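Spelled out, the chains give:
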Amino acid sequence: ETGVTQSPTHLIKTRGQQVTLRCSSQSGHNTVSWYQQALGQGPQFIFQYYREEENGRGNFPPRFSGLQFPNYSSELNVNALELDDSALYLCASSLQGVGEQYFGPGTRLTVT
Amino acid sequence: GENVEQHPSTLSVQEGDSAVIKCTYSDSASNYFPWYKQELGKRPQLIIDIRSNVGEKKDQRIAVTLNKTAKHFSLHITETQPEDSAVYFCAAVEEGKSWGKFQFGAGTQVVVTP
């Protein structure tokens, strides 16, 4: 198992609400990437954080935002939740510029 | 745009047979190609990867081949065992760039029957 942890494990929210998901990166890693994985699909890149700044973004609207802290942990915030936001949210940590990244266990978000 | 296509979407094999999964990518700048295995309800786990400066890499029963000219790479699993049953994802990324936007394939459900 990797040293990447995520919380919470599961979450149920109502449409229109806001949610914050958390990720602690593996020791020695300085980069965190966030992915959305819908059922039966591959992970979709949301964005990446390095040195506490967003460092690349996929095709997700601005209501998906994030933070990275000095200890390299990270948060994913989603505002104005929609039913289609229901998915497994994965974070992955890595070293900047190096390909190997390791995933956390994910947070299962259900929007009703 | 950038995308990775993965085939087949499902693969059933008898225990002991070989399994092959193929991926094609469109971004010619991609130079790092990992493969992940995801068991039901678990996180994707990196099982093997290859960089563009080599054409093949092997680790026990798994191997990956890369054809940069044709922009495709493949995962080969030999002597399959029931514990190989999982969803396998390929990905492509430009390593060394200021940020790495991984493009994942849609996944292959591998079922190994005893």
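Heads up: these notes are all about the structure in this document. (Residues numbered from 1 in each chain as written. Chains lettered and ligands numbered in written order. Predicted model: local features only at pLDDT ≥ 70, side-chain atom pairs only at ≥ 80, totals over all residues. Heavy atoms only, no water.)

### Remarks on the interface of chain B and chain A
Right, on to step 1. Taken together, the contacts link 21 residues of chain B with 27 residues of chain A.
Right, on to step 2. Between chain B and chain A, a total of about 1900 Å² is buried, with carbon and sulfur atoms accounting for 50% of that surface.
Right, on to step 3. At the boundary of chain B and chain A, one finds one salt bridge.
Right, on to step 4. Residue E100 of chain A pairs with R51 of chain B through a salt bridge whose shortest N-O separation is 3.0 Å. (Contact = heavy atoms within 4.5 Å. Buried area = accessible area lost by both parts, 1.4 Å probe. Salt bridge = Lys/Arg side-chain N within 4 Å of Asp/Glu carboxyl O.)

### Some points on unusual backbone geometry
Right, on to step 1. Going from S7 of chain A to P8 of chain A, the amide bond is cis rather than trans, its omega being -10°.
Right, on to step 2. The residue P8 of chain A is located in the loop between β1 (5-7) and β2 (10-13) in this model.
Right, on to step 3. With an omega of -5°, the peptide bond between H7 of chain B and P8 of chain B qualifies as cis.
Right, on to step 4. Summarising the element assignment, P8 of chain B is placed in the loop between β1 (4-7) and β2 (10-14).
Right, on to step 5. Residues other than glycine seldom take positive phi values, yet A80 of chain A does so here, at roughly 45°.
Right, on to step 6. Checked against the element boundaries, A80 of chain A lands in the loop between β8 (74-78) and β9 (87-94).
Right, on to step 7. Judged by relative accessible area, which is 42%, A80 of chain A ranks as partly exposed. (Helix = DSSP H or I, 4+ residues; strand = E, 2+ residues; numbered from the N terminus. Buried < 20%, exposed > 50% of the residue type's maximum accessible area, 1.4 Å probe, protein only.)

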